[in-house]
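Working through the structure, step by step
Each chain is listed here by its residues.
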Amino acid sequence: MKILLRKLKRDLWQSKGQFISVLVLVIIGVMFYSGINATYRNLTETSEKYYKDYRMGDLWISFFKAPESAEEEVRALPFVKMATGRVVRDAKLDISGDNAVVRLISMPDTRTEVVNDIDIKSGSYFSDAGNSQCLVEQEFFEANGLEVGDCIYPVINGVEVKLSIAGSVKSPEFVYSVRDSAEIMPDNKRFGIVYLKKSYEQAIFGYEGSINDLSVILEEGTDIGKARDEIRDLLKDYTVTGITERKDQSSNRMLTEEIKGLQSLGGFFPILFFVVAAAIIYITMSRLVENQRTQIGVLKAFGFTDMFVLAHYLSYSVILAVTGSIIGSVFGMLLGKGFTEMENMYFKLPPADMKLYPELVLPATLLTLLFCLLAGYNSCKRVFRIMPSEAMKTRAPVKGRKILLERIGILWRGLRYNWKMVLRNIFRYKKRALLSSTGVIFAVAITFVSLSMNSSVNYLIDQQYSNIQDYDIKVGFSRMLNMEELNSVESLPYVKKMEPVVETGVEITNGWRKKDIAFTALVSKPEIYKVVDKNGLPVDPPDNGILIPERLSVELGLKPGDMAELKPYLPGKDKREVRVSGLIVQYLGSSAYGSMESVARIFGEGRFANSAVLKLDGSEHEKEVIEKLKKMPVVSSVQSKSDSKENLIKNMDMMMTSVLLMILLAAVLAVAVIYNIATINIFERQRELATLKVLGFKDNEVRNLIFNENYLLTAFGIILGLPLGRLIGGYMMSMYQTDAYTFPFIAGMDVYAITAVFIICFTILANLILRKKIKVINMVEVLKSNE
Amino acid sequence: MEVKNVSKEYVMGEVTVKAAADMSFSIEAGEFVVILGPSGSGKSTVLNMVGGMDRPTGGEIWVEGRNIAELSDKELTLYRRNSIGFVFQFYNLMPNLTALENVELVMQTSEAPLDAREVLRELGLGERLDNFPSQLSGGEQQRVALARALVKNPVLLLCDEPTGALDYQTGKSILKLLNDINKNKRKTVVIITHNAAIAAMADKVIRVRSGQVESLEMNSDPLPPERIEW
């Protein structure tokens with residue numbers, strides 16, 4: 001027994017390069033399994049606890065204005081567990097030399113339990129000392145270097161209001177704090193949440209005794225759709241402008257989507273590595289058993305049982321699986337910690353609850369063992385067939401065979417001998433070639449997917465910020481402006497062009513399907529704020545009808561030419577029938593589009609706008625214009641396009657890192673598989689290679705015999721891997737599609753070409769490592785007899 | 001060809017093994033030479049060095065006016081490629097190539113090769129051109145190997161136990177072929193063997209023992225291979 005272990009140890013040592021390369025694959029598989037799963041668990045458990053502890057709402061109802069008694073009415077409903085009325089308004093704020101928007105949310109004057117409660121991070125809750133106290137959301141607080149006791153001056157109804165900071169807070173409502181669902185990345189410097197005493201916020205906005213937001217927690221087991229409709233009925237007198245379920249709430253949705261993504265990645269990605277590791281183990285073990293058939297015969301002749309011999313060879317797999325799982329789990333825990341921290345850069349969950357999950361080691365080990373043993377058993381089961389008498393026989397010589405390709409005479413005759421040998425060898429070991437191609441195919445697919453994601457995001461940024469939004473500044477007004485008032489904005493110095501915009505919320509209905517979306521009205525021939533089709537070509541907003549994004553048309557079952565009902569969130573407006581006149585592509589946000597003319601027709605209003613986009617003479621005057629705009633009392637928000645673009649690009653750094661990481665993993669996969677297959681190939685063909693050396697073939701001619709085989713397998717892998725990558729990439733991008741944004745899937749010829757170049761480089765790298773193995777083949781090999 | 005005071009030492013860890021010590025002999029063009037010795041005598045070492053697979057530790061080996069003991073790895077490769085025709089005990093054919101392709105393979109690397117089909121036909125393999133080695137008998141495989149060595153028209157045919165893996169009759173037929181090649185084509189043939197019977201057909205017999213040349217004798221009346229027996 002001990003002696004056999006010693007034999008195993010020496011067998012391992014002889015093929016240490018192969019052992020290590022498979023081990024690396026197993027380690028990576030386990031590492032990602034435990035790392036991603038730990039992150040998944042961390043995010044799930046922490047957010048669930050956080051939601052529970054701080055009473056995250058199930059429904060958000062917003063109105064123009066409702067009496068505080070609405071809160072009581074809702075609370076009286078049998079399925080409502082808790083309801084809190086609030087005043088929620090956005091305001092401009094100059095901070096850190098930049099213009100930000102803060103969402104002012106009311107909180108009880110003295111602390112009581114409310115829906116969407118806050119967790120105080122520093123300072124304390126409101127005191128009796130004065131009305132103008134505020135609590136600032138932690139990320140905004142930190143990003144702007146604020147301190148407890150500092151003052152901020154948001155502009156409310158055109159007047160700067162001084163607020164002193166009593167403390168910094170976190171809320172489950174804003175773990176991912178974006179202004180609206182059309183924004184992908186949080187910009188903590190320019191958007192934040194500020195909580196005010198309820199009485200004070202009501203006073204400054206003229207909401208005495210009124211609220212405009214109601215957050216509700218439902219009793220467990222309530223049908224949310226029914227609850228939603230009942231509440232809407234109950235509150236119909238107060239012009240409900242929107243009801244949001246928790247699943248659509250922007251912070252929660254980003255979080256659940258990320259968790260969902262992690263879950264599928266944590267299952268899919270490690271399996272990829274296990275499959276390739278299993279393929280290599282299968283090939284390696286088959287070769288080992290084949291080469292040691294004499295030894296196996298001898299062992300059996302001496303009375304060792306089949307099971308014993310099998311167990312001996314399987315221990316190779318077991319050692320791989322166990323070593324790989326242990327090392328992988330250790331790294332996986334670190335990776336899990338790193339991933340969680342990285343995720344938490346975006347989702348600000350309480351970090352104290354982040355854990356390591358040692359219990360993931362067991363499932364990881366079992367999963368690895370399963371793959372390794374399956375591969376090992378399948379390759380070793382032939383020991384049962386090897387009879388002791390085989391120990392005496394010499395092995396049957398390797399057979400040469402003609403391959404199918406040779407039927408195509410012209411093609412075959414044109415080949416040089418080294419290529420003929422390469423091709424015949426590949427076809428002789430078809431299974432081996434196919435298995436090793438699997439590794440290359442996966443590597444190609446991974447590389448392709450990561451490169452195409454990068455190119456898709458770049459396309460999106462380019463489309464969104466150059467083609468669609470060709471303006472420099474977007475201004476929001478606190479009320480509807482008529483054309484004369486808009487002229488005062490257009491006549492500001494350095495403004496080259498202005499286009500008025502109407503933005504409002506609508507409910508769009510087609511039969512039983514309905515959806516809350518935005519409605520955007522643009523000028524008839526927009527130049528600086530465009531709507532585009534899927535080829536990026538501009539579509540003019542129709543005067544009589546609306547354009548809707550493709551994904552909305554799928555969701556609502558609306559085709560161009562169909563009629564839909566629109567109900568605007570404007571006081572006193574009724575449902576109108578409108579024709580869907582075309583489909584567009586909208587990357588960020590979800591909105592129906594029409595012309596200014598259509599607003600008049602659909603909503604029966606004259607020409608007005610509550611927003612405008614501006615193009616300047618040059619970007620150097622941007623700051624100046626923004627300053628001027630902010631001084632206008634009617635302006636409620638000013639958004640600079642370059643700021644939002646910069647914020648998005650800044651956050652894309654992380655994506656670049658993950659693209660590089662993925663390519664690195666693909667490299668490991670490709671190199672490991674090629675190295676292994678070629679090592680076996682070299683080992684088995686030592687004699688051939690040595691003969692060629694003796695016959696005077698130059699080193700590179702001998703090498704090419706092996707390397708060309710690798711290149712051929714690589715080419716095969718590229719041909720199959722690229723379409724696979726396209727498939728996976730397209731699928732992943734469609735997974736990322738939500739109500740709030742669409743990712744285009746863009747993979748131009750450059751992505752295909754760069755992927756191929758990368759994979760060829762990996763093969764060259766593997767070949768470089770293999771050079772030495774061929775160099776050291778001893779010519780004296782030719783003088784030896786066949787074993 | 002002249003071998004002058006050649007010695008070869010292998011350093012294996014702390015032990016130095018002397019495989020050849022002060023060996024000297026010469027081989028004239030067109031001669032049929034047998035290098036005879038038991039296993040471990042140093043005859044393989046001679047083969048390695050004369051064949052350009054290895055360099056001696058000391059001494060000189062002159063072939064066609066060049067001391068091959070001083071050639072670089074690259075030059076040795078070219079020497080093996082252009083000057084030497086090898087025949088091995090176990091044939092060492094490429095299992096993946098047919099008889100014809102095995103011969104054509106080395107033509108690729110040769111400066112002035114003969115016609116492959118012609119050579120194979122002369123060796124009686126005209127019907128077996130498209131067979132793979134596994135479909136050929138031992139004798140046929142050895143004849144393919146011989147064709148492979150001849151096709152590049154080498155200066156020297158170096159044969160390592162060419163009959164070692166063959167039965168008696170087949171072995172003799174290979175020896176006959178080698179003898180014909182020597183006599184009709186005036187090719188220098190060197191056979192390295194432990195089989196003393198083969199010595200009878202040589203023009204020159206070099207006996208090797210313990211890494212040294214034990215004796216060197218000329219045979220004025222070599223026997224035709226048909227009459228050799230062992």
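Here is what the cut-offs are and how they apply
Residues numbered from 1 in each chain as written. Chains lettered and ligands numbered in written order. Predicted model: local features only at pLDDT ≥ 70, side-chain atom pairs only at ≥ 80, totals over all residues. Heavy atoms only, no water. Helix = DSSP H or I, 4+ residues; strand = E, 2+ residues; numbered from the N terminus. Rg over C-alpha atoms; globule rule 2.2 N^0.38 Å. Buried < 20%, exposed > 50% of the residue type's maximum accessible area, 1.4 Å probe, protein only. Areas by Shrake-Rupley, 256 points an atom, 1.4 Å probe, with all protein chains shown as cover. Lys, Arg positive; Asp, Glu negative; His and termini not counted. Charge placed at Lys NZ, Arg CZ, Asp CG, Glu CD. Contact = heavy atoms within 4.5 Å. Buried area = accessible area lost by both parts, 1.4 Å probe. Salt bridge = Lys/Arg side-chain N within 4 Å of Asp/Glu carboxyl O. Polar contact = N/O pair within 3.5 Å; in protein donor to acceptor, adjacent residues only side chain to side chain. Nonpolar A, V, L, I, M, F, W, Y, C, P; charged D, E, K, R; others polar. Phe/Tyr/Trp six-rings, centres within 6.5 Å; stacked < 30°, edge-to-face > 60°. Lys NZ or Arg CZ within 6 Å of the ring centre and 35° of its normal. Expected span 1.5 Å × (residues − 1). Bend = angle between axes of the 7 residues up to and from the residue. Pairing = 2+ DSSP bridges. Core = buried A, V, L, I, M, F, W, Y, C linked by side-chain atoms within 4.5 Å. Patch = residues over 30% accessible without salt bridge, like charges linked within 9 Å, V, L, I, M, F, W, Y side chains within 5 Å. Axes fitted to C-alpha atoms, helices over the stretch in contact; angles between N-to-C directions. Parallel < 35°, antiparallel > 145°, perpendicular 65-115°, else oblique. Left-handed = near helix turned anticlockwise from the far one by under 90°. pLDDT = per-residue confidence, 0-100.

Section: the overall build of chain B
In terms of helices and strands, chain B carries 6 helices and 10 strands. Computed over C-alpha atoms, the radius of gyration of chain B comes to 17 Å, within 12% of the 17 Å expected from 2.2 N^0.38 for 230 residues, which places it in the range of a compact globule. Over its C-alpha atoms, taken along the principal directions, chain B stretches across nearly 50 × 40 × 35 Å. Across the 230 residues of chain B, 57% fall into the buried class. Surface accessibility of chain B: about 9,500 Å² in total, with carbon and sulfur atoms responsible for 46%. Computing the positive centroid from 25 side-chain charges and the negative centroid from 31, chain B places the two 1 Å apart.

Section: the overall build of chain A
A count of helical and extended segments in chain A gives 21 helices and 22 strands. Its C-alpha atoms give chain A principal-axis dimensions of about 100 × 60 × 50 Å. Taking all 787 residues of chain A together, the buried fraction comes to 57%. Taking the intrachain contacts of chain A between residues at least 6 apart in sequence as the baseline, contacts between residues at least 24 apart amount to 81%. Of the charged side chains in chain A, 95 are positive and 88 negative; the average position of the first set lies 16 Å away from that of the second.

With respect to the interface of chain A and chain B
The interface is formed by 31 residues belonging to chain A together with 28 residues belonging to chain B. The contact between chain A and chain B buries some 2,900 Å² in all, and 61% of this surface belongs to carbon and sulfur atoms. Its largest share of buried area at the contact with chain B, chain A owes to Tyr-417, Leu-695 and Leu-783 of chain A, together 24% of the area lost on that side. The interface formed by chain A and chain B contains 3 salt bridges. With a shortest N-O distance of 2.7 Å, Arg-424 of chain A and Glu-101 of chain B are connected by a salt bridge. At the surface where chain A touches chain B, the tally comes to 9 residue pairs in polar contact (both at pLDDT 80 or more). Elements with a contribution of two residues or more to the side of chain A that touches chain B: α12 (417-428) and α19 (686-694) of chain A. Across the side of chain A that touches chain B, the residue classes break down as 12 nonpolar, 6 polar and 13 charged.

Looking at the side chain of Arg-81 of chain B
Along the polypeptide, Arg-81 of chain B turns up in helix α2 (residues 73-83). The buried category is assigned to Arg-81 of chain B, whose relative accessible area is 8%. A polar contact of 2.6 Å, which involves the side chain of Arg-81 of chain B, links it to the side chain of Glu-701 of chain A.

So, the packing of aromatic side chains
All names here are of chain A. Evaluated as defined, the whole model comprises 16 aromatic pairs over all chains. The rings of Phe-32, Phe-269, Phe-273 and Phe-339 are connected pair by pair, giving a single aromatic cluster. Cation over ring: Lys-16 sits above Trp-13, and NZ or CZ is 4.4 Å from the ring centre. Across the ring face of Tyr-207, the terminal group of Lys-65 is positioned such that the distance to the ring centre comes to 5.1 Å.

Concerning helix α9 (residues 306-344) of chain A
For α9 of chain A, which comprises 39 residues, the first-to-last C-alpha distance of 54 Å matches the rise-based estimate of 57 Å (1.5 Å per residue) to within 8%. At Leu-314 of chain A, α9 of chain A shows its maximal kink, close to 35 degrees.

Quick word on the pairing of strand β6 (residues 84-87) of chain B
Residues and elements named next belong to chain B. Residues Ile-84 and Phe-86 line one face of β6 and the alternating positions Gly-85 and Val-87 line the opposite face, and both faces are buried. When β6 meets strand β7 (residues 156-160), the two strands line up parallel, connected through 4 bridges. Each bridged residue has a counterpart across the sheet, and for Val-87 the counterpart in β7 is Cys-159.

So, the pattern of salt bridges
Residue and element names in this part refer to chain A. Applying the stated criterion to the full structure yields 52 salt bridges over all chains. For Glu-68, the salt bridge identified is with Lys-198, shortest N-O distance 3.0 Å. Highlighted residues: Glu-68 in the loop between β1 (59-67) and α3 (69-75) and Lys-198 in helix α5 (residues 198-204), separated in sequence by 130 residues. Glu-68 gets classed as partly exposed once you look at its relative accessible area, which sits at 30%. The class for Lys-198 is buried, based on a relative accessible area of 15%. Through salt bridges with shared partners, one network takes in Glu-68, Glu-71, Glu-72, Arg-75 and Lys-198.

Concerning the nonpolar core
The biggest cluster of nonpolar side chains holds 122 residues, and the ones touching the most others in it are Leu-25, Phe-32, Phe-273, Tyr-313, Tyr-529, Leu-669 and Phe-762 of chain A. With 18 residues, helix α7 (residues 250-291) of chain A is the largest single contributor of residues to this core. Those residues in contact with Leu-25 of chain A that sit more than four places away from it in its chain are Phe-273, Val-276, Ala-277, Ile-280, Val-668, Leu-669 and Ala-672 of chain A. Counting residues in hydrophobic clusters, the runner-up holds 93 residues, among them Ile-682 of chain A together with Met-49, Val-63 and Ile-191 of chain B.

Structural notes on a positive patch on the surface
A cluster of basic side chains, namely Lys-2, Arg-6, Lys-9 and Arg-10 of chain A, defines a positive patch on the protein surface. Among the structural elements, Arg-6 of chain A can be located in helix α1 (residues 2-14).

As for a negative patch on the surface
Residues and elements named next belong to chain A. A cluster of acidic residues, Asp-223, Asp-229, Glu-230 and Asp-233, forms a negative patch at the surface. Note on placement: Asp-229 falls in helix α6 (residues 224-234). Residue Asp-229 is classed as partly exposed on the basis of its relative accessible area of 39%.

Points about the packing of helix α20 (residues 699-735) of chain A against helix α21 (residues 749-775) of chain A
All names here are of chain A. It is the contact of α20 with α21, at a shortest axis distance of 9 Å, that shows an interaxial angle of 150 degrees. Considering the angle they form, α20 stands roughly antiparallel to α21. Remark: the crossing between α20 and α21 carries right-handed chirality. Of the residues in α21, those in contact with Asp-699, Val-702, Arg-703, Ile-706, Phe-707, Asn-710, Tyr-711, Thr-714, Ile-718, Leu-722 and Arg-726 of α20 are Tyr-752, Thr-755, Ala-756, Ile-759, Ile-760, Thr-763, Ile-764, Asn-767, Leu-770, Arg-771, Ile-774 and Lys-775.

Overview of the confidence of the model for chain B
Residues and elements named next belong to chain B. The predicted model of chain B has a mean per-residue pLDDT of 90, with 100% of residues at 70 or higher. No element of chain B has a lower mean pLDDT than helix α1 (residues 43-50), which averages 88, and none a higher one than strand β3 (residues 32-36), which averages 95. Per the prediction output, this complex has pTM 0.82; the corresponding ipTM is 0.88.

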